[in-house]
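Examination of the molecular architecture
Residues per chain, in single letters:
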Amino acid sequence: MSSLSRADILRRLRAKIAAGTPIIGGGAGTGISAKAEEAGGIDLIVIYNSGRYRMAGRGSLAGLMAYGNANDIVVEMAREVLPVVKHTPVLAGVNGTDPFMLPDLFLDQLKAMGFAGVQNFPTVGLIDGTFRANLEETGMSYALEIEMIARAAKKNMLTTPYVFSSQDAAAMAKAGADVIVCHLGLTTGGSIGAETTLTLDDCIANIDEWSAAALAVRDDIIVLYHGGPISIPEDAAYVLARTRTSHGFYGASSMERLPTEKAIRQQVEAFGTIRR
């Protein structure tokens, strides 16, 4: 496991920005995904409950459903992922709205296990409409996720929260987030990807708006983007070249589910062509 401090990680990330090299983060739902991502030179690995569902062949939004305790699942996943990652910082997805979580105790546990930081997942930011309004009204709000990020920052953990609007971005910057990840919706593509999504140009406009809101609070914020139609390297490059302020890409399905689906299918098809 990496023993890099928050300051060390941020120095590495800012050195990449200074060199004009994109920061690349990725989700890992299995140990083999994490090992392969590290071998590919990834900068950050994040594990959270959706990774387990994703690699079990279910849509990532399963992580928002009542199929298991998300915070318990990330601790279980840590036992698979943390021992096989040697040099790369690993972050934990934390469900900040979990009413049964003792926040300081849980964050201390994650830190003691070897996690370098946290991200807010599962997140109510992916929910909209009346259901979202009711969650906010009944004490299961995005504000609790902001509070969790603030607690982690005070414990000197790296914080890379998902944001879904300019308001979210500014609030997370005030809470002390090191990196904001502009979440552009469920990733498209593959057998279980979303079909309802933004265009790449829509994504660019959102990233520029949200990053400007965060940078107005603190000018040292690092900005990554994730999801929606940005599912292959060419998509990420298109967005990076056209945004006013972004420093790289964070992938989840695009880092492990889509490559796995393609590689296994192609390998099986290749074996199927063998003849005597």
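Refer to the structure above for everything that follows.
Here we summarise the structure given alongside this text. In this text, all values refer to a predicted model and were calculated from it rather than measured experimentally. (Residues numbered from 1 in each chain as written. Predicted model: local features only at pLDDT ≥ 70, side-chain atom pairs only at ≥ 80, totals over all residues. Heavy atoms only, no water.)

1. Structural notes on the packing of helix α7 (residues 142-154) against helix α8 (residues 166-174)
The N-to-C vectors of α7 and α8 enclose an angle of 30°; their axes lie 9 Å apart at closest approach. One element, α7, and the other, α8, form an angle in the roughly parallel class. Of the two possible hands of crossing, α7 and α8 adopt the one that is right-handed. Residue-level contacts link Tyr-142, Glu-145, Ile-146 and Ile-149 of α7 to Asp-168, Ala-171 and Met-172 of α8. Here the residues of the contact of α7 with α8 are counted per class, giving five nonpolar, no polar and two charged. (Axes fitted to C-alpha atoms, helices over the stretch in contact; angles between N-to-C directions. Helix = DSSP H or I, 4+ residues; strand = E, 2+ residues; numbered from the N terminus. Parallel < 35°, antiparallel > 145°, perpendicular 65-115°, else oblique. Left-handed = near helix turned anticlockwise from the far one by under 90°. Contact = heavy atoms within 4.5 Å. Nonpolar A, V, L, I, M, F, W, Y, C, P; charged D, E, K, R; others polar.)

2. Section: the pairing of strand β2 (residues 44-47)
In β2, alternate side chains face the same way, and those of Leu-44 and Val-46 on one face and Ile-45 and Ile-47 on the other are all buried. Judged from the three bridges that link them, strand β1 (residues 23-27) and β2 form a sheet pairing that is parallel. Note on β2: the bridge partner recorded for Gly-25 is Leu-44. Pairing between β2 and strand β3 (residues 90-94): three bridges, direction parallel. Paired with Ile-47 across the two strands is Ala-92, which belongs to β3. (Buried < 20%, exposed > 50% of the residue type's maximum accessible area, 1.4 Å probe, protein only. Pairing = 2+ DSSP bridges.)

3. Considerations on the side chain of Asn-120
Within the element layout of this structure, Asn-120 appears in strand β4 (residues 117-120). A distance of 2.9 Å separates the side chain of Asn-120 from the side chain of Glu-145, its partner in a polar contact. Side-chain polar atoms of Asn-120 contact the backbone nitrogen of Tyr-162, separated by 2.6 Å. (Polar contact = N/O pair within 3.5 Å; in protein donor to acceptor, adjacent residues only side chain to side chain.)

4. Comments concerning the nonpolar core
In this structure, Ile-47, Leu-110, Val-118, Ile-180, Tyr-225 and Ile-230 are the most contacted members of the largest nonpolar core, which totals 77 residues. For this core, the leading source of residues is helix α9 (residues 200-217), giving seven residues. Other than its neighbours up to four places away in sequence, Ile-47 contacts Ala-28, Val-74, Met-77, Ala-78, Val-81, Val-90, Leu-91, Ala-92, Gly-93 and Phe-115. (Core = buried A, V, L, I, M, F, W, Y, C linked by side-chain atoms within 4.5 Å.)

5. Quick word on the packing of aromatic side chains
Describing an aromatic ring pair means giving the distance of the ring centres and the angle of the ring planes. Scanning the model with the defined rule gives six aromatic pairs in all. Each ring, one from Tyr-142 and one from Phe-164, has its centre 6.3 Å from the other, and the planes form 85°; the classification is edge-to-face. With Tyr-142 in helix α7 and Phe-164 in the loop between β6 (162-163) and α8, this residue pair connects regions lying 22 residues apart in the sequence. The residues Tyr-142 and Phe-164 share a single accessibility class, namely buried. One aromatic cluster is present, formed by Tyr-48, Phe-121, Tyr-162 and Tyr-250 through successive ring pairs. (Phe/Tyr/Trp six-rings, centres within 6.5 Å; stacked < 30°, edge-to-face > 60°.)

6. Digging into helix α2 (residues 31-39)
Looking at α2, one finds that the buried residues are Gly-31, Ser-33, Ala-34, Glu-37 and Glu-38. Looking down the long axis of α2, one finds its buried residues gathered within 160° of arc, a one-sided arrangement. Across α2 from its buried face, at more than 90 degrees, point the exposed residues Ile-32, Ala-36 and Ala-39. On its buried side, α2 packs onto β1, β2, α4 (70-81) and α11 (253-272). One or two positions beyond α2, positive phi appears at Gly-41, with a value near 90°. (Arc of directions from axis to C-beta.)

7. Considering the pairing of β1
With four of five residues buried, β1 is to be regarded as a mostly interior element. In terms of strand pairing, β1 meets strand β9 (residues 248-251) through four bridges, oriented parallel. The partner of Gly-25 across the bridge, within β9, is Tyr-250. Taken together, β1, α2 and β2 form a β-α-β motif whose crossover is right-handed. (Right-handed = clockwise from strand over helix to strand, strands pointing away.)

8. Details of the packing of α8 against α9
Running from N to C, α8 and α9 cross one another at 30°; their axes reach a closest spacing of 8 Å. Considered as vectors, α8 and α9 are oriented roughly parallel to each other. Viewed along their axes, α8 and α9 form a crossing whose handedness is right-handed. Two secondary-structure elements touch here, α8 through Ser-166, Ala-169, Ala-170, Ala-173 and Lys-174 and α9 through Glu-209, Trp-210, Ala-213, Ala-214 and Val-217. Class assignment for the residues of the contact of α8 with α9 results in seven nonpolar, one polar and two charged.

Interpretation in functional terms is not warranted from these geometric data alone.
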